[in-house]
Amino acid sequence: MALALHAYEAAAKERLPGPVWDFFAGGSGTESMLTAGRKALDRMQLRPRCLVDVSHCDPRTRLLGSDLAAPLAVAPMAYHRLAHPEGEVATARAAGEAGVLLTVSMFASRTLEVIAAAASGPLWLQLYWLRNRAVMRDLIHRAEAAGYRALVLTVDAPRVATRPRDARNGWAIPPDIRAVNLPEETMSASHGSRAGESAIARHSRDQFDSSITWADLAWLRETTSLPLVLKGVLTAEDAELAVKHGVSALIVSNHGGRQLDFARSAPECLTEIVEAVKAADAECQVVLDGAIRHGADIAKALCLGADAVMTGRPALWGLAHSGTEGVTAVLRHLMDEFEEVMALMGAPTPTDFPRTGVTQPTCPH
Ligand SMILES: Cc1cc2nc3c(=O)[nH]c(=O)nc-3n(C[C@H](O)[C@H](O)[C@H](O)COP(=O)(O)O)c2cc1C
Ligand SMILES: CCCCC(=O)C(=O)O
């Protein structure tokens, strides 16, 4: 029998070295944002409709032209080999088996090509904007050649925020695990522990270009014809700008509580972003990321106008527990719960979740 998600979390915590667990589980600053999204989702209540024919519930959907078995994707997370020796290859196999999308981090610990060879489902590549654009260009061209279907630019991390657990642990990426898609010389700051300091925070200050603005998106447009997705948008103002700049999808996200402390949680920001996109009459899809721990969370996101959700840490828990099998089980668990919620909500397809299907989560900004 499949374990419930919290059992995978407990198993991962038991198996992983303390500093790796802290890197996975931790947040920035006071860690207020680790619980904010979860609290917002828990406050929302579903409003089911009855006497609807739910004899055939079909969770399938499309995201940027890719067919998915459910409105679910795995969020980009660095260094999957911290959780399991096969790393992203195991995750890609599992996402393919479950029929969901995998977003591969720029800091993946397996090559883009090997991950693509193991994947039977769609892949997106996530990027941070590096000072060295030649490195970015090479990576983008490799992603295109390997069949990745979109680029996800993470815009909530001009630098990695202060994460007290990582600082306390003098966290650094162990020497046998590398961001193998990037040139060795650009990654050295991520390795080598120093007391009281996180090496990945140091690395981001060294290598990320925190001067980029909306105007720089033109460079990405010239460099690739892949659709562009922005991850970490939290306001209607930025959603409007994104649409004006031809962005194909927005990921509404607090980076799993790892970036800006004391922000409004992603689920609470969803409505204003969906409305801004709708008002612009744009072809732009919206994805909710963070704190997705139950199939009902997917239903709540869809009611609020999202096209899909992303899940992060639960995939790493499954990976640490048992590689491909564990990630597949975690994804299937969320999908099975979602299918049941569809039936009990009277919503036989993902487009049948109305705005009135959930209570209002937020007060206006
Ligand atoms: C260990 C870890 C590594 C992450 N690495 C990245 C990354 O490389 N790029 C990125 O855009 N987001 C990264 N994130 C953030 C996730 O994409 C996602 O926003 C977050 O985990 C969602 O919250 P959840 O874990 O509650 O589902 C990372 C998150 C974790 C926990
Ligand atoms: C430089 C690696 C950053 C990964 C990341 O985005 C995160 O840990 O949240």
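As shown above, the structure is provided for reference.
Residues numbered from 1 in each chain as written. Chains lettered and ligands numbered in written order. Predicted model: local features only at pLDDT ≥ 70, side-chain atom pairs only at ≥ 80, totals over all residues. Heavy atoms only, no water.

Leave glycine aside and you will find that most residues have negative phi; peptide bonds, for their part, are mostly trans. Positive phi outside glycine occurs at Asp281, with the angle close to 50 degrees. By the secondary structure assignment, Asp281 is in the loop between helix H12 (266–279) and strand E9 (285–289). One non-glycine residue, Ala291, lies in positive phi territory at about 70 degrees. Assignment of secondary structure puts Ala291 in the loop between E9 and helix H13 (295–303). Ala291 sits in the buried class, given a relative accessible area of 16%. (Helix = DSSP H or I, 4+ residues; strand = E, 2+ residues; numbered from the N terminus. Buried < 20%, exposed > 50% of the residue type's maximum accessible area, 1.4 Å probe, protein only.)

Lining the immediate surroundings of ligand 2 are Phe23, Ala78, Phe107, Tyr128, Arg163, His255 and Arg258. Here an oxygen atom of ligand 2 sits 2.7 Å away from a polar atom, N or O, in the side chain of Arg163. Separating an oxygen atom of ligand 2 from a side-chain N or O atom of Arg258 is a distance of 2.8 Å. Protein chains shield 94% of the accessible area of ligand 2, which is 290 Å² for the free molecule. Considering only residue class, the shell around ligand 2 consists of four nonpolar, one polar and two charged. (Near = heavy atom within 4 Å. Polar contact = N/O pair within 3.5 Å; in protein donor to acceptor, adjacent residues only side chain to side chain. Areas by Shrake-Rupley, 256 points an atom, 1.4 Å probe, with all protein chains shown as cover. Nonpolar A, V, L, I, M, F, W, Y, C, P; charged D, E, K, R; others polar.)

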